[in-house]
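Chain residues, written in single-letter form:
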Amino acid sequence: MLAALALGMVGFLAPQGVRADPSEPRRIDCPASAGQRTRCVSGQDANGAWYVAAIPANWNRRLIVHAHGGPRLGAPEATDPLEDLDRFSVMVRHGYAWIGSSYRRGGYGVRMAAEDTDNSRQVFWSLYGRPERTLLHGQSWGGNVAAKASELYAGSADTGWNYDGVLITNGVVSGGTRAYGFRADLRAVYQYYCANHPAPDEPAYPLWQGLPLGNRMTRAELRRRIETCTGVDRPANRRTPDQAARLRDILAVTGIAEAQLVSHMNWATFLFQDMVLLRLEGRNPFDNSTTVYSGSMDDAALNAGVQRFEADPQGVALLAHDADLTGQIARPTLTVHALHDPTVSADLEALYAATVSAAGRSEWLVQAFTDESEHSKLSDATYMTALDALESWIDRGVPPDPAGLQSRCQVLWSRQGPCLFVGP
């Protein structure tokens, strides 16, 4: 099994031929949101990953190493990290230097992305010297990446710490094997009601594959099929009775919000294609063989007719090795999750807490929640309050009390945006 696992991990690595000599950084224009006197540079590391670093004029000698979400499936481009810098620019405006990596290739691969994230830290240190403090931040899938990077690259008391603290926001902190099953369920339930992905005149394939390799379906075409079946893109009063009934049952059974149906179907199509067929060598990590679906107008018919699939144990093992977390953290780690996150459920935080507890490391984890409903970006006041609390923890050795974050936000950071922390 170990030999097979090692062979299978090839799918999570960069394709042969992408390695390149690290390029000299070049000055680029910063996003306007980063501040007028901020200096930005771009370059490419030895594995071909693009990075962007930002150094504000009022640099506080702190560095944020950012792990971006996704995963993005296209080939990385030099400008990709600029989107992330713009989104989290409040950190730079308040004195933090920032560096983010595109990762060396598109597609799934948590260990690869964690290595590329830590490589960006090393790039910054080599260019500008070691800062007084280095903090690791990841959002969304980047939360999984940052948590993995913390486990693998934090350093030690003996060799020195690479990271002083970790901030994870709206993170996929359950690990890979527990993060995507609901989307596999969505594919099965959707196909039962709509039967158009694949359509009857197209070659059949197991739904857990996402989409066969070589299939040229576009996101626009997938959206057209979802709209044809459910009318999701039109006002409710313009849907046919059949569309309304199908949409109602799909949402009721899967628990997915109407506004997020198309995006989750995109992930269950194009991400699954990449994950399963390119990274897991066609092995299925998903299982609905014993799932009992409920909430529809006819649960008996649904459970009798839905496509069933059983996970390949080696596929699960490969995904677990790449993306699951051990909980072996050793640096102050603060997670913040929007309670109404429509993309990554806040319920995953309990799974991470249990993982960390099982590893005997709960002293290093504090979890907080906000009354927010966006996934990709929280309130600027949320980020600054979280950073302030994390820094205080590092300085004083006392973990922050989640119940006190709202008042901390209101006193210190309310000018940056709404303060929306909620009690435990």
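Residues numbered from 1 in each chain as written. Predicted model: local features only at pLDDT ≥ 70, side-chain atom pairs only at ≥ 80, totals over all residues. Heavy atoms only, no water.

**Student:** Which residues make up the overall build of the protein chain, and what are the values?
**Tutor:** From N to C terminus, the protein chain includes 14 helices and 12 strands. Taking 22 Å as the expected radius of gyration for a compact globule of 424 residues, we find that the protein chain reaches 22 Å, a close match to that expectation. Projected onto the principal axes, the alpha-carbon positions of the protein chain cover approximately 60 × 50 × 45 Å. Counting over 424 residues, the protein chain shows a buried share of 56%. Of the contacts formed within the protein chain by residues at least 6 apart in sequence, a portion of 75% connects residues at least 24 apart. Distance between charge centres in the protein chain, computed from 39 positive and 46 negative side chains, equals 4 Å. (Helix = DSSP H or I, 4+ residues; strand = E, 2+ residues; numbered from the N terminus. Rg over C-alpha atoms; globule rule 2.2 N^0.38 Å. Buried < 20%, exposed > 50% of the residue type's maximum accessible area, 1.4 Å probe, protein only. Contact = heavy atoms within 4.5 Å. Lys, Arg positive; Asp, Glu negative; His and termini not counted. Charge placed at Lys NZ, Arg CZ, Asp CG, Glu CD.)

**Student:** Which residues make up the pairing of strand β2 (residues 39-44), and what values do they have?
**Tutor:** Within β2, 5 of the 6 residues are buried, which leaves it mostly tucked inside the rest of the structure. Both strand β1 (residues 26-28) and β2 contribute to a ladder of 3 bridges, which runs antiparallel. By the bridge assignment for β2, arginine 27 is matched with valine 41. Relative to strand β3 (residues 50-55), β2 runs antiparallel, the two sharing 6 bridges. Counted as the bridge partner of glycine 43 is tyrosine 51 from β3. Linking two consecutive strands that pair antiparallel, namely β2 and β3, is a turn of 5 residues; a positive phi of about 95° is found at glycine 48 within it. (Pairing = 2+ DSSP bridges.)

**Student:** Tell me about the side chain of threonine 382, residues and numbers included.
**Tutor:** Structurally, the position occupied by threonine 382 is in helix α13 (residues 380-396). Sequence-distant contacts of threonine 382, that is, excluding residues within four places in its chain, are made with Val336, Thr370, Glu372 and Phe421.

**Student:** How would you explain the sheet that holds strand β4 (residues 62-67) if you had to name every residue and give the values?
**Tutor:** Either a parallel or an antiparallel arrangement is found when strands of a sheet pair, and the pairing is made through backbone hydrogen bonds. Reading across from one edge, β1-β2-β3-β5-β4-β6-β9-β10-β11-β12 is the order of the 10 strands in this open sheet, with mixed pairing throughout. Each end of this open sheet is capped by a strand with a single partner; those strands are β1 and β12 (421-422). Looking at chain direction, strand β11 (residues 365-370) and β12 are connected through 2 bridges and run antiparallel. Among the inter-strand pairings, phenylalanine 369 is bridged to a residue of β12, identified as valine 422. In the packing of helix α4 (residues 110-128) onto the sheet, contacts are made with β2, β3, β4, β5 (97-101) and β6 (133-139), and the angle to β4 comes to roughly 150°. Helix α5 (residues 141-153) rests against β4, β6 and β9 (165-169) of the sheet, and its axis sits at about 140° to β6. (Axes fitted to C-alpha atoms, helices over the stretch in contact; angles between N-to-C directions.)

**Student:** An account of α4 is requested, with residue identities and associated values reported.
**Tutor:** For α4, which comprises 19 residues, the first-to-last C-alpha distance of 27 Å matches the rise-based estimate of 27 Å (1.5 Å per residue) to within 8%. A positive phi of about 85° marks glycine 129, the residue just after α4. (Expected span 1.5 Å × (residues − 1).)

**Student:** Residues and numbers for the nonpolar core, please.
**Tutor:** As a rule of thumb, soluble globular proteins bury nonpolar side chains together. With 78 residues, the main nonpolar core has Tyr108, Phe124, Tyr180, Leu261 and Phe286 as its most contacted residues. Among the elements that line this core, the one with the most residues is helix α9 (residues 261-279), at 10 residues. Counting residues in each nonpolar core, the second largest holds 35 residues, with Ile28, Val90, Cys409 and Trp413 among its members. (Core = buried A, V, L, I, M, F, W, Y, C linked by side-chain atoms within 4.5 Å.)

**Student:** Run through the packing of α13 against helix α14 (residues 405-412), naming residues and quoting values.
**Tutor:** Taken N-terminus to C-terminus, the directions of α13 and α14 make an angle of 110°; their axes are 10 Å apart at the nearest point. The pairing of α13 with α14 is recorded here as roughly perpendicular in orientation. Of the two possible hands of crossing, α13 and α14 adopt the one that is right-handed. Judged by residue contacts, Ala381, Thr385, Asp388, Ala389 and Ser392 of α13 engage Leu405, Arg408, Cys409 and Leu412 from α14. Residues belonging to the contact of α13 with α14 are distributed by class as follows: 5 nonpolar, 2 polar and 2 charged. (Parallel < 35°, antiparallel > 145°, perpendicular 65-115°, else oblique. Left-handed = near helix turned anticlockwise from the far one by under 90°. Nonpolar A, V, L, I, M, F, W, Y, C, P; charged D, E, K, R; others polar.)

**Student:** Just give me the short version of the state of the cysteines, but keep the residues and values in it.
**Tutor:** One pass over the structure, following the stated rule, counts 3 disulfides. With its sulfur 1.9 Å from that of its partner, cysteine 194 forms a disulfide with cysteine 229. Of note, the bridge from cysteine 194 to cysteine 229 carries an S-S torsion of about -75° and is left-handed in sense. Here cysteine 194 is found in helix α6 (residues 181-194), whereas its partner cysteine 229 is found in helix α7 (residues 219-230), with 35 residues between them in sequence. Of the two residues, cysteine 194 and cysteine 229, neither departs from the other in class, the shared state being buried. For the protein chain, numbering the cysteines in disulfides from first to last along the sequence yields the connectivity 1-2, 3-4, 5-6. (Disulfide = S-S within 2.5 Å.)

**Student:** Can you explain α5? Please cite residues and give values.
**Tutor:** Here α5 contains 13 residues, and its C-alpha end-to-end distance of 18 Å stays within 8% of the 18 Å for a straight helix at 1.5 Å per residue. For α5, the buried fraction is high: 11 of the 13 residues fall into the buried class. Among all positions in α5, only Trp141, Gly142, Gly143, Asn144, Val145, Ala146, Ala147, Lys148, Ala149, Ser150 and Glu151 are buried. Of the surrounding secondary structure, the elements contacted by the buried residues of α5 are β4, α4, β6, β9, α11 (313-323) and α12 (348-358).

**Student:** How would you sum up the side chain of aspartate 118? Please name residues and give values.
**Tutor:** With respect to the element layout, aspartate 118 can be found in helix α4. For aspartate 118, a relative accessible area of 3% gives the class buried. Side chain to side chain, aspartate 118 and arginine 121 meet in a polar contact 2.7 Å long. Ignoring anything within four residues of it in the chain, the contact list for aspartate 118 reads Tyr153 and Tyr163. (Polar contact = N/O pair within 3.5 Å; in protein donor to acceptor, adjacent residues only side chain to side chain.)

**Student:** Go over the pattern of salt bridges with me, naming the residues and quoting the values.
**Tutor:** All chains considered together, the criterion is met by 21 salt bridges. For glutamate 83, the salt bridge goes to arginine 87, with nearest N and O atoms at 2.9 Å. Of the two residues, glutamate 83 and arginine 87 both sit in helix α2 (residues 80-87), 4 residues apart, roughly one turn of that helix. You can call glutamate 83 partly exposed: its relative accessible area is 44%. By relative accessible area, arginine 87 is classed as partly exposed at 25%. A salt bridge links glutamate 258 to arginine 239; the shortest N-O distance between them is 2.7 Å. Here arginine 239 lies in the loop between α7 and α8 (241-254) and glutamate 258 lies in the loop between α8 and α9, a separation of 19 residues in the sequence. By relative accessible area, glutamate 258 is classed as partly exposed at 36%. Sharing partners across several salt bridges, the network here consists of Arg62, Glu132, Arg133, Glu391 and Asp395. (Salt bridge = Lys/Arg side-chain N within 4 Å of Asp/Glu carboxyl O.)

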